[in-house]
Amino acid sequence: MNVELYERIWMWVAAGLLALFLCAIFVSAGVNAIQPPSHIETVDPTTLATHPEFGTPGVKVQPDGSVVVSVVAQMFSFSPDPIEVPANRPVTFRLTSPDVIHGFEVVGTNANAMVIPGYVSQFTVTFKNPGEYLIGCNEYCGTMHHNMVGKLIVKKESR
Ligand code: CUA
């Protein structure tokens, strides 16, 4: 079978691009620890106010020292705000929404999840650098979407 030279060149270019994109996936998953969500848990969005966990969102320290933060994202704020967590300790965020889809992104870190009504989005991160971080909603959720911001304070551990 005869394949034209130019055709052959483009076939190799296409194959090379595919290999490059595959590499990009593996590098971002391995080096930057970007992972697709794997936690599936449902919650009734209509009764969040009386929910044992999300009725009183906040930061809870577990007996083993790990930290769990329950967050309710709703038009157009995050609760609690600010969120205060210790540095260099695993922090598990549990997020849900009573109204529409929101985003929860801690700017400058890889903490970033979609907040979907009816579901609990959960992920665990360890913040190494103490300081103040901006939390932004990165899913368009209504007229005041651009004002939907929160603050995360990462505190240095006092020993
Ligand atoms: Cu909430 Cu955009």
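What counts, and at which threshold
- Residue indices follow the written sequence of each chain, beginning from 1 at its first position.
- Reporting of local features is limited, given that this is a predicted model, to residues whose pLDDT is at least 70; pairs of side-chain atoms are given and counted only at 80 or more, and all residues count toward the totals for whole chains, interfaces and linings.
- Remark: hydrogens and water are excluded; side-chain values derive from all non-hydrogen atoms of the structure.
- The salt bridge definition used is simple: a Lys or Arg side-chain nitrogen within 4 Å of an Asp or Glu carboxyl oxygen.
- A helix here means a DSSP run of H or I that spans at least four residues, while a strand means a run of E at least two residues long, and both kinds are numbered starting from the N terminus.
- For Phe, Tyr and Trp, rings pair up if their centres lie within 6.5 Å, where Trp contributes its six-membered ring, and each pair is then called stacked (planes under 30 degrees apart), edge-to-face (over 60) or tilted (otherwise).
- For each residue, the accessible area found with a 1.4 Å probe, counting protein chains only, is set against the maximum for its type, and the residue is called buried under 20%, exposed over 50%, and partly exposed in between.

## Notes on the pattern of salt bridges
This structure, assessed with the given rule, holds four salt bridges. With a shortest N-O distance of 3.7 Å, Glu 84 and Lys 155 are connected by a salt bridge. One end of the pair, Glu 84, is in strand β4 (residues 83-86); the other, Lys 155, is in strand β10 (residues 149-155), with 71 residues separating them in the sequence. When salt bridges with common partners are traced through the structure, they connect Glu 41, Glu 53 and Arg 94 into a single cluster.

## Quick look at the packing of aromatic side chains
Summed over the entire model, instances satisfying the criterion amount to six aromatic pairs. Consider the rings of Phe 93 and Phe 123, whose centres lie 5.3 Å apart with planes at 25°: the pair is stacked. Here Phe 93, found in strand β5 (residues 90-96), pairs with Phe 123, found in strand β8 (residues 121-126); they are 30 residues apart in sequence, far enough to count as distant. Phe 123 carries the same exposure label as Phe 93, and that label is buried.

Purely geometric numbers; function is a separate question.
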